[in-house]
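Here are the chains, one letter per residue:
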There are 2 protein chains.
Amino acid sequence: MSKERLLPFAHLEANDDETTSCICFKSMRDRVSCFWNNSRDFSKKALEMGRNDPRKVIYAFKSGFALSFVSLLIFWKKPADVSQFSIWAMLTVIVMFEFSIGATIIKGFNRGLGTFCAGMLAFLFATLSLMAGDGEKVVIVISFFIIGSIASYLKLYPTMAPYEYGYRVFVLTYCILMVAGNRTREYTVAILSRLVLIAVGACICFIINICIYPIWSGDDLHRLVVNNFKELATSLEGCVNGYVKYVDYGSSTRFTTPQASDDQLYLGYKTVIESANREQTLLGFAVWEPPHGHYRTLRHPWKTYVKVSGAVRRCAYTIMALHGCILSEIQAPQEKRQVFRSQFQKVSAEGVKVLHEIASKIEKMEKLGANEHNILKEVHEAGEQLQKKIDERSFLLINSQSWEIKSQAKELEDLSNERDYENLKLGFKSLSETAIYIKSSLIMAPRLPNKDLPKHKLRKHVPWPSWISFEGVDGLIKEDEIKTYQSASALSLATFASLLIEFVARLQKVVDCFEELSEEAGFRDPDIVVLTESGGFWTRFFRCFRVKR
Amino acid sequence: MSKERLLPFAHLEANDDETTSCICFKSMRDRVSCFWNNSRDFSKKALEMGRNDPRKVIYAFKSGFALSFVSLLIFWKKPADVSQFSIWAMLTVIVMFEFSIGATIIKGFNRGLGTFCAGMLAFLFATLSLMAGDGEKVVIVISFFIIGSIASYLKLYPTMAPYEYGYRVFVLTYCILMVAGNRTREYTVAILSRLVLIAVGACICFIINICIYPIWSGDDLHRLVVNNFKELATSLEGCVNGYVKYVDYGSSTRFTTPQASDDQLYLGYKTVIESANREQTLLGFAVWEPPHGHYRTLRHPWKTYVKVSGAVRRCAYTIMALHGCILSEIQAPQEKRQVFRSQFQKVSAEGVKVLHEIASKIEKMEKLGANEHNILKEVHEAGEQLQKKIDERSFLLINSQSWEIKSQAKELEDLSNERDYENLKLGFKSLSETAIYIKSSLIMAPRLPNKDLPKHKLRKHVPWPSWISFEGVDGLIKEDEIKTYQSASALSLATFASLLIEFVARLQKVVDCFEELSEEAGFRDPDIVVLTESGGFWTRFFRCFRVKR
């Protein structure tokens, strides 16, 4: 591949750290300076991360505090020697202390379950090994083999991937219990004392994480959904503007130098499409969280937030296809794009308005007002106007010259049962004659990519279907095939329009999902002014400890 | 939302375990039977997993063997009491033992680095605490706070997400070293003895994992790329067949009952699109692996495999858009689809042929033969035929009735600088007259969804833009708006065709990438028959231990 193209969706696959880190394999000196540059970049970005989201700094301090608090246990030597088991409480804090409350609860639950199972198994095998007498060592080694094999096998099970870590902790716990028990020969004491210390560690985790500036996954999920709407709006606007303002950079330049605005439009739909996994993760955490802040119902419908985002994502796929039109191999001529300019922009503006309106509704947790129930009216009208314009100007989208009188007549005969042959034939004859005039006026603006390039360069730069057109005898351009390319390129305009209309059609689903959410989550009605601001028990409880951002 | 639609891309978001596990919150008895059913399902599937990929079973046994082998250290009490540090070697095995060789090497490297850093820091703070005299405890607690905070903060850094685990192991190692050192007051002995045991554990891991039936990430990556080609071919075929054979189930049924064939087509492009992450992971492992098996060069171009897959994915996005046409709100009538049937199927058949051919080439690690260099010839021809057919039948895609004589003339005047007004006007008059015939024959086959439903049901089932059409006074259908819907629906056929042509255009990139790969990876030339079958040192070395599957 001589030309390195920026694939339309390559960004979806690119590994971010690959592009930022400098990779060099030269001399030792280069390596050192390379390492130094990378470290400086890294620390800059790390500081910026904290400035953008101060919660991360707070989490780090909370985490350090929890660890140092629990480490006080190592100095507790009287009346009982707690210090020898203190590592267990510390291990629990290291394993369990997560960013959000929901995640901490889940991890704690998994840790508890894993430890309990490991404890039970340790008891079982300890008893067996003591019963075995001389075969004690054999029983212990076999138990390690069984536990290790089963845990390794089960963690490969596809749906168990998120718990891979849990399996490791489980095996580790089992090993430590067995080793400790084997050394002292007092399995019961060894196991029970460790279980108590694990419980102490877990309690400290919960108390510190919940009481000091709690960070909720639910908040994050809510914000993510709102953000998806905004990103999609940016993308839609960028996409339509990009298509309308299209400048022909020439085939290769167009792909290698993405404009800054282009990047924005990329990042928009890319964010929406890629947020699916993050949403699932946050949903998994949020459902475990008690009512808090604005979410006062016991079972807040977090799933419906994800559903709304799913509908938004469905629209994002259309935007991705629209962007595909901008970057596609086959391009519509600029003159023709201008014809539909105002309709495209109208649809885009109305679409953006709807998206922003719903986003702000979700952000404020408000229902649609009585006079907003037909929120899609304007965008639907804009869509219909676009459609009508296409109908009126559809001669621009096709190559009517090649309509075949005979086959066309036959076609319509097949479609219809009416037998007005004579009329048809007469009709089509005049149609095809007139088509010559249409063609003659369109041919004066043929947009063949890199038309000004010398012939020998064409083969390289112009992709199929255009370059095939230049494969004629001795590089002579076959007029027939130019026409094929021209009509393909005009048809790509129809694709753009059709996808835009599809986008408008898909907005209905977004509004439906939003209405479902606003019902289930009990969003407030903007027409009824509510003055009370009390909140449930948990809300008030947590608010006491909550530091205002 | 009354109707639960299966969104076209919902599968991309769906959480698999949600659909399979039975969720019930009823009585205790129900819960028990529910748990029992789930467990039975789980074990069935777990066994099936092993049957489908015996390497997983082998990995589990290897893992159990490594753990039990290293556990023998707990009985080593003379001459030195190794048993008290044995847990360290076990911990290393638990952390490091991975499915593939590449992953084990990376984990080992991370483990080594993390342990080294933790060891250095432990030395540093131990010295400080001993120097502090009375303030020893304060220094230790503060060191925990600092280490805990920094590690927690850095693991939140986006590109550090895969090493989250490494950070935890690092903190854990630091804690254990400090606690152990603090108890015995012999920090140096405590730290060094543990480092030696970690090295022993790591060696055992490497030896067992590499010598007994090694599992290579490179193999997996190779197979994944080949599989992507096959999945894409299935999807393409299914998509075009689905579009051509389209049966109108009615708006809602169509979405809620996906056909079995539909599912295949889904899974095809879904697999390709979702494989991006897995490819990156496998690539990360594969680049660490020494030459082995078929991959005899020292720096096998694993990145180029991923690049080929990226080009395939770019085609998959077009297939996704094509599938979007099948599931879209706006549908083209069946009669019109039939007109292009053979061309659609020709493109699909040729495309599938190309994909299968390249897949088999990559599988066999073969270059394109001398007479295969124009592998895309047939599919390009099929694409051009489709384009020509569209040109010939483009009157089916548009609503020429609404061509406005006046504006059309003006349009063309703007586009052209030639001033042959009289001709144009004459031309268009006859054109628009004839268009009436076209329209009259098309209107007899209007495909309004759920045409046979009673009027009051239409509002509910038919989405925009069709249902808007029925919003006329007292439910009367406005003829004007029906036309708009009809032409939108016909235009969607143009979208399908245009996307299919775009797919063909994108195949070029796939072939380019494949050729690049075949050069870089030194695929063999099918025209030259090679009889030698020797392999490098590593190949022969590993082959000795390799159990034939």
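As the structure is a computational prediction, the values presented were derived from the model and not from experiment.

**Quick word on the overall build of chain A**
Within chain A, the secondary structure is distributed over 21 helices and zero strands. By residue count, 56% of the 549 residues in chain A fall in the buried class. Long-range contacts, defined as pairs at least 24 residues apart, comprise 81% of the intrachain contacts of chain A with a sequence gap of at least 6. On chain A, roughly 24,500 Å² of surface is accessible, and the fraction owed to carbon and sulfur atoms is 60%.

**Section: the packing of helix α15 (residues 341–364) of chain B against helix α16 (residues 377–392) of chain B**
All names here are of chain B. The interhelical angle for the contact between α15 and α16, taken along N-to-C directions, is 165°, at an axis separation of 9 Å. One element, α15, and the other, α16, form an angle in the roughly antiparallel class. Along this stretch, α15 crosses α16, giving a crossing that reads as left-handed. Of the residues in α16, those touching α15 at Gln343, Phe344, Lys346, Val347, Glu350, Gly351 and Val354 are Glu378, Val379, Ala382, Gly383, Gln385, Leu386 and Lys389. Here the residues of the contact of α15 with α16 are counted per class, giving six nonpolar, four polar and four charged.

**Digging into the confidence of the model for chain A**
All names here are of chain A. In this model, chain A carries a mean pLDDT of 74, and residues with pLDDT of at least 70 account for 71%. Ranking the helices and strands of chain A by mean pLDDT puts helix α4 (residues 54–71) first, with 93, and helix α18 (residues 421–442) last, with 33. The low-confidence segment residues 1–25, where pLDDT is below 50, has 55 contacts with residues more than four positions distant or belonging to other chains. Here residues 249–260 is a poorly scored stretch, pLDDT under 50, and it has 20 contacts once near neighbours within four places are set aside; other chains count. Among the scores for the predicted complex, ipTM is 0.71 and pTM is 0.72.

**Quick notes on helix α9 (residues 187–211) of chain A**
Look at α9(A): 36 Å from first C-alpha to last across 25 residues, which is about the 36 Å you get at 1.5 Å a residue. A:Tyr213 lies just past α9(A) and shows a positive phi near 40°.

**As for the nonpolar core**
In this structure, A:Phe229, A:Tyr305, A:Phe344, B:Phe229, B:Tyr305 and B:Phe344 are the most contacted members of the largest nonpolar core, which totals 152 residues. Counting residues in each nonpolar core, the second largest holds 114 residues, with A:Ile74, A:Val82, A:Cys175 and B:Val95 among its members.

**Some details on the side chain of A:His300**
Residue and element names in this part refer to chain A. Mapping His300 onto the fold places it in the loop between α12 (260–286) and α13 (302–327). For His300, a relative accessible area of 9% corresponds to the buried category. Within the structure, the side chain of His300 is placed 3.1 Å from the side chain of Tyr305, a separation counted as a polar contact. With residues near it in sequence (within four places) discarded, His300 still touches Tyr295, Tyr305, Met365 and Ala521.

**Some details on the UniProt feature "transmembrane region" (unreviewed entry) in chain A**
Residues annotated by UniProt as "transmembrane region" (unreviewed entry) correspond here to residues 57–75, 87–106, 112–131, 138–154, 166–183 and 195–216 of chain A. The span residues 87–106 of chain A carries 80% helix and 0% strand; its end-to-end C-alpha distance comes to 22 Å.

**Observations concerning the pattern of salt bridges**
Per the stated rule, a full pass over the model turns up 30 salt bridges over all chains. When the shortest N-O distance is used, the salt bridge between B:Arg168 and A:Glu98 registers 2.6 Å. One end of the pair, B:Arg168, is in helix α8 (residues 164–184); the other, A:Glu98, is in the loop between α5 (86–96) and α6 (101–131), on a second chain. We note a salt bridge from B:Lys353 to B:Glu350, for which the minimum N-O separation is 3.6 Å. Placement of both B:Lys353 and B:Glu350 in helix α15 is noted, with a separation of three residues, approximately one turn of the helix. On the basis of relative accessibility, which here comes to 43%, the residue B:Lys353 falls in the partly exposed class. According to the relative accessible area criterion, B:Glu350 is buried, its value standing at 10%.

**Examining unusual backbone geometry**
Residue and element names in this part refer to chain A. Residue Tyr213 is not a glycine yet carries a positive backbone phi of 40°. For Met365, which is not glycine, the phi torsion reads 55° and is therefore positive. In this structure, Met365 sits in the loop between α15 (341–364) and α16 (377–392).

Criteria and thresholds
- Residues numbered from 1 in each chain as written.
- Chains lettered and ligands numbered in written order.
- Predicted model: local features only at pLDDT ≥ 70, side-chain atom pairs only at ≥ 80, totals over all residues.
- Heavy atoms only, no water.
- Helix = DSSP H or I, 4+ residues; strand = E, 2+ residues; numbered from the N terminus.
- Buried < 20%, exposed > 50% of the residue type's maximum accessible area, 1.4 Å probe, protein only.
- Contact = heavy atoms within 4.5 Å.
- Areas by Shrake-Rupley, 256 points an atom, 1.4 Å probe, with all protein chains shown as cover.
- Axes fitted to C-alpha atoms, helices over the stretch in contact; angles between N-to-C directions.
- Parallel < 35°, antiparallel > 145°, perpendicular 65-115°, else oblique.
- Left-handed = near helix turned anticlockwise from the far one by under 90°.
- Nonpolar A, V, L, I, M, F, W, Y, C, P; charged D, E, K, R; others polar.
- pLDDT = per-residue confidence, 0-100.
- Expected span 1.5 Å × (residues − 1).
- Core = buried A, V, L, I, M, F, W, Y, C linked by side-chain atoms within 4.5 Å.
- Polar contact = N/O pair within 3.5 Å; in protein donor to acceptor, adjacent residues only side chain to side chain.
- UniProt positions renumbered as here; feature names shortened; annotations may be inferred.
- Salt bridge = Lys/Arg side-chain N within 4 Å of Asp/Glu carboxyl O.

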